[in-house]
Amino acid sequence: MNDRRWLLPAAVLLCASCAGTTPAPLSLPPAHPSAVDRDELRRDLEAAFAGIAAREQGAVPAVQVDFEAAASIEIPQHATIDGALQYFGTALQEKIQASLLRSSRYRKMIDQTLEDYRLPKALAYLPVIESAFIPTLTSRAGAHGLWQIMPDTAREYGLRIDWWIDERADPELSTRAAAEFLNDLYRQFGDWPLALAAYNCGPGRVRRAMKSTGATTFWELLEKAAVPRETRGYVPTFYATLRLAADPEAHGFRLDPPAEEAEERIEIEGPLSFHYLAEVAGIEERELRELNPSLHRGLIPPGASAVKVPAAVAPLVAAQAATMKHDDPQLAVAAFTLRRGDTVAKLARRIGTTPETILAMNGLSPNTPLRAGRAIFLPVQARRLGALLRHADDDEVFYTVRKGDTLYSIARRHQLTVTDIRELNDLGDDVLQPGQKLRVSPPRGLTAGSM
């Protein structure tokens, strides 16, 4: 109960009834309080009693704390932890609070994963200082996701990273990978401060620092400045989050209870665009992107993929999961069977993309031999592919964008309107890229095979 004005009159009455001597005159209310004073006292007491009764009946939510997490790892006594906690409550107060509130969406899942791996529940608060519980966050060094996992580590622990998907941004999959990694680090060092330091700067760096200094604890490494500055702040900051979780209200913060999931994973055949899936499901595309941050292109990859959808539309999506890819009119991905003489560079030039894009979306290296008959994917709508390939060198049909071109200048050059150009090429607010091919003449009825 935030309003505690009722405590003053109640406390005065309690003191008066228990005192053995006459208190000083100024510390007591008047001998004969006025009707106004009595009415105010009655209202305050009634408010207090009502608040107590409501709390007993469960109408007032209890303050959320996480003693279990704080108790699962011993929190050392160190000045750097005190300093981090003070910093949380001043310069970082707003950001830390937002991170704690976002954590409620993932805490139930993370707690269960940590339990599966028999890891301390305290580690559920590591993303507070890693990513602020933002699954799409990328660091300057290339770490990504809730747990800020580097690409090589991600692949080592079974996460997929390619043109279509980055599973470091999948909260469930990345949490399992992080749990395995943390488990391995603890086995190596047998000590959580050292394991956490290794999570931040790498186990090899921590081992070398220990060997060169003779240190046996993280706190010795900190005092000797034997690990990177970021790591020297990282470990104390993690322990500060645990002290905060044990008593958030005392430090000016609050926790929300873990949220219940309101979505389901449905196996869907791709490739398929989020735009079309959202249309079929009757939801916003933005909601699909938020539920599936690992599918960063707004595309479901070829083959079967487990895609999260709101529970309310799951039955509708499941009923069409295997066939939607055939009906997506906006899908900017087409299957193509290589012919003799085709090269990645030639195909890229003809459809207005880069060789690197074609290689990446097909998991190919520049040295991969491409033989006739091999099927690959190209970043273009299937209904446009045939026309692009057949008339790639026909300047009357297609125009290659040059540096400095605008839709207006291209339209004027070919006696068209900007609307004509947009409609012929299915353009939205896309930014023109040099080398891109735009149709500047109506199609001649050419079609390409569907997916």
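Structure: above.
Residues numbered from 1 in each chain as written. Predicted model: local features only at pLDDT ≥ 70, side-chain atom pairs only at ≥ 80, totals over all residues. Heavy atoms only, no water.

Caption draft 1: Spatial organisation of the nonpolar core. Leu 123, Tyr 125, Trp 147, Tyr 199, Val 206, Phe 238 and Tyr 239 are the most contacted members of the largest nonpolar core, which has 61 residues in total. Here Phe 238 is in contact with Ile 73, Ala 122, Leu 123, Tyr 125, Leu 126, Ile 129 and Leu 196, once residues within four sequence places are set aside. Counting 27 residues, the second largest nonpolar core, distinct from the first, contains Trp 164, Leu 272, Leu 299 and Met 361. (Core = buried A, V, L, I, M, F, W, Y, C linked by side-chain atoms within 4.5 Å. Buried < 20%, exposed > 50% of the residue type's maximum accessible area, 1.4 Å probe, protein only. Contact = heavy atoms within 4.5 Å.)

Caption draft 2: Seen up close, the side chain of Gln 97. Within the fold, Gln 97 resides in helix H5 (residues 93–103). Residue classification places Gln 97 among the buried positions, given a relative accessible area of 14%. In this structure Gln 97 touches Gly 252, Phe 253 and Arg 254, once residues within four positions along its chain are discounted. (Helix = DSSP H or I, 4+ residues; strand = E, 2+ residues; numbered from the N terminus.)

Caption draft 3: How the structure looks around the pattern of salt bridges. Tallying each qualifying case throughout the model produces 18 salt bridges. The residue Arg 265 makes a salt bridge to Asp 170 at a minimum N-O spacing of 3.2 Å. Here Arg 265 is found in strand E1 (residues 263–273), whereas its partner Asp 170 is found in the loop between helix H8 (151–156) and helix H9 (171–189), with 95 residues between them in sequence. Under the relative-accessibility criterion, Asp 170 is labelled buried at 7%. Arg 187 is the partner of Asp 184 in a salt bridge, and the nearest nitrogen-oxygen pair spans 3.8 Å. Of the two residues, Asp 184 and Arg 187 both sit in helix H9, three residues apart, roughly one turn of that helix. Asp 184 sits in the partly exposed class, given a relative accessible area of 26%. Arg 187 gets classed as exposed once you look at its relative accessible area, which sits at 63%. Within the structure, one salt-bridge network assembled from shared partners comprises Asp 170, Glu 172, Glu 263, Arg 265 and Lys 308. (Salt bridge = Lys/Arg side-chain N within 4 Å of Asp/Glu carboxyl O.)

Caption draft 4: Just H5, in detail. Taken as a whole, H5 has its buried residues at Ile 96, Gln 97, Ser 99, Leu 100 and Ser 103. Taken around the axis of H5, the buried residues stretch over an arc of 160°, which confines them to a single face. Exposed residues on H5 whose side chains face more than 90 degrees from its buried face are Glu 94 and Lys 95. (Arc of directions from axis to C-beta.)

Caption draft 5: View of the packing of helix H4 (residues 79–88) against helix H13 (residues 229–246). At a minimum axis separation of 8 Å, H4 and H13 run at an interaxial angle of 65°. Where H4 crosses over H13, the two elements pack in a sense that is right-handed. For the pair formed by H4 and H13, the contact residues are Thr 80, Ile 81, Asp 82, Ala 84, Leu 85 and Phe 88 on the first element and Pro 236, Thr 237, Tyr 239, Ala 240, Thr 241, Arg 243 and Leu 244 on the second. Residues of the contact of H4 with H13, tallied by class, amount to eight nonpolar, three polar and two charged. (Axes fitted to C-alpha atoms, helices over the stretch in contact; angles between N-to-C directions. Left-handed = near helix turned anticlockwise from the far one by under 90°. Nonpolar A, V, L, I, M, F, W, Y, C, P; charged D, E, K, R; others polar.)

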